[in-house]
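Here is what each chain is made of, one letter per residue.
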Amino acid sequence: TGSTRVLGTQNVTVPAGTFQAIALRSTLRQHGFPFGSGPRTPWLAPGEGLVKLVFQHGDGSTSTVVLLH
């Protein structure tokens, strides 16, 4: 199960540059799978798509994906 909400427009800096992006916050709950559960925040920039994603896993670890170039 899960839910998603729009956080708004934010400037986000990654190795590929600084982008004005729409930030979302999704919370996923997968019973029995703590690694796949937790909040995810993607930043989506016009003309680029996904420029950053931060996933805080239910086991306490965090994965981050960024656009390099």
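See the structure shown above.
The structure presented is a predicted model; accordingly, all values stated were derived computationally and were not measured.

1. Let's talk about the packing of aromatic side chains
Each pair of aromatic rings is reported with the distance of its centres and the angle of its planes.
So, step 1. Enumeration according to the criterion identifies 0 aromatic pairs in this entry.
So, step 2. Sitting above the plane of the F55 ring, R40 keeps its charged end 3.9 Å from the centroid.
So, step 3. A cation over an aromatic ring shows up here: K52 above the ring of W43, its NZ or CZ 5.3 Å from the ring centre.

2. Thoughts on the sheet that holds strand β1 (residues 2-14)
Paired through their backbone hydrogen bonds, the strands of a sheet run either parallel or antiparallel.
So, step 1. Read across the sheet, 5 strands follow the order β1-β2-β3-β4-β5 without closing on themselves; strand pairing throughout is antiparallel. Each having just a single partner strand, β1 and β5 (62-66) make up the two edges of the open sheet. Geometrically, the sheet is characterised by an average inter-axis angle of 20° between neighbouring strands, direction not taken into account.
So, step 2. Sheet topology places strand β2 (residues 17-28) next to strand β3 (residues 38-45); 5 bridges connect them, and they run antiparallel. From the neighbouring strand, I22 faces β3, where its bridge partner is L44.

3. Comments concerning the nonpolar core
So, step 1. Counting 10 residues, the largest nonpolar core is built from V12, V14, F19, A21, A23, W43, A45, V51, V54 and L67.
So, step 2. Looking at which element gives the most residues to this core, the answer is β2, with 3 residues.
So, step 3. Here A45 is in contact with F19, Q20, A21 and V51, once residues within four sequence places are set aside.

The rules behind these values
- Here the residue numbers are simple positions, counted from 1 along each chain's written sequence.
- At least 70 in pLDDT is required for a residue's local features to be given in this predicted model, at least 80 for side-chain atom pairs to be given and counted, and no such filter applies to totals for whole chains, interfaces and linings, which use all residues.
- Remark: hydrogens and water are excluded; side-chain values derive from all non-hydrogen atoms of the structure.
- Note on aromatic pairs: the rings of Phe, Tyr and Trp (six-membered ring only in Trp) are paired at centre separations within 6.5 Å, and the planes decide the class, stacked below 30 degrees, edge-to-face beyond 60, tilted for the rest.
- Our definition puts a charge over a ring when NZ of Lys or CZ of Arg is within 6 Å of the ring centre and also within 35 degrees of the ring normal.
- Strand pairing follows a simple DSSP-based rule, namely that at least 2 bridges must link the two strands.
- By definition, any uninterrupted DSSP run of H or I lasting at least four residues is a helix, any uninterrupted run of E lasting at least two residues is a strand, and each is numbered from the N terminus.
- In this description, a line fitted to the C-alpha atoms serves as the axis of each element, helices being fitted only across the stretch in contact, and the angle between N-to-C directions of two axes falls anywhere from 0 to 180 degrees.
- In this text, buried Ala, Val, Leu, Ile, Met, Phe, Trp, Tyr and Cys residues form a nonpolar core when linked through side-chain atoms within 4.5 Å.
- The rule is simple: take the accessible area with a 1.4 Å probe, protein chains only, and divide by the maximum for that residue type; under 20% is buried, over 50% is exposed, in between is partly exposed.
- In what follows, a contact means two residues having at least one pair of non-hydrogen atoms within 4.5 Å.

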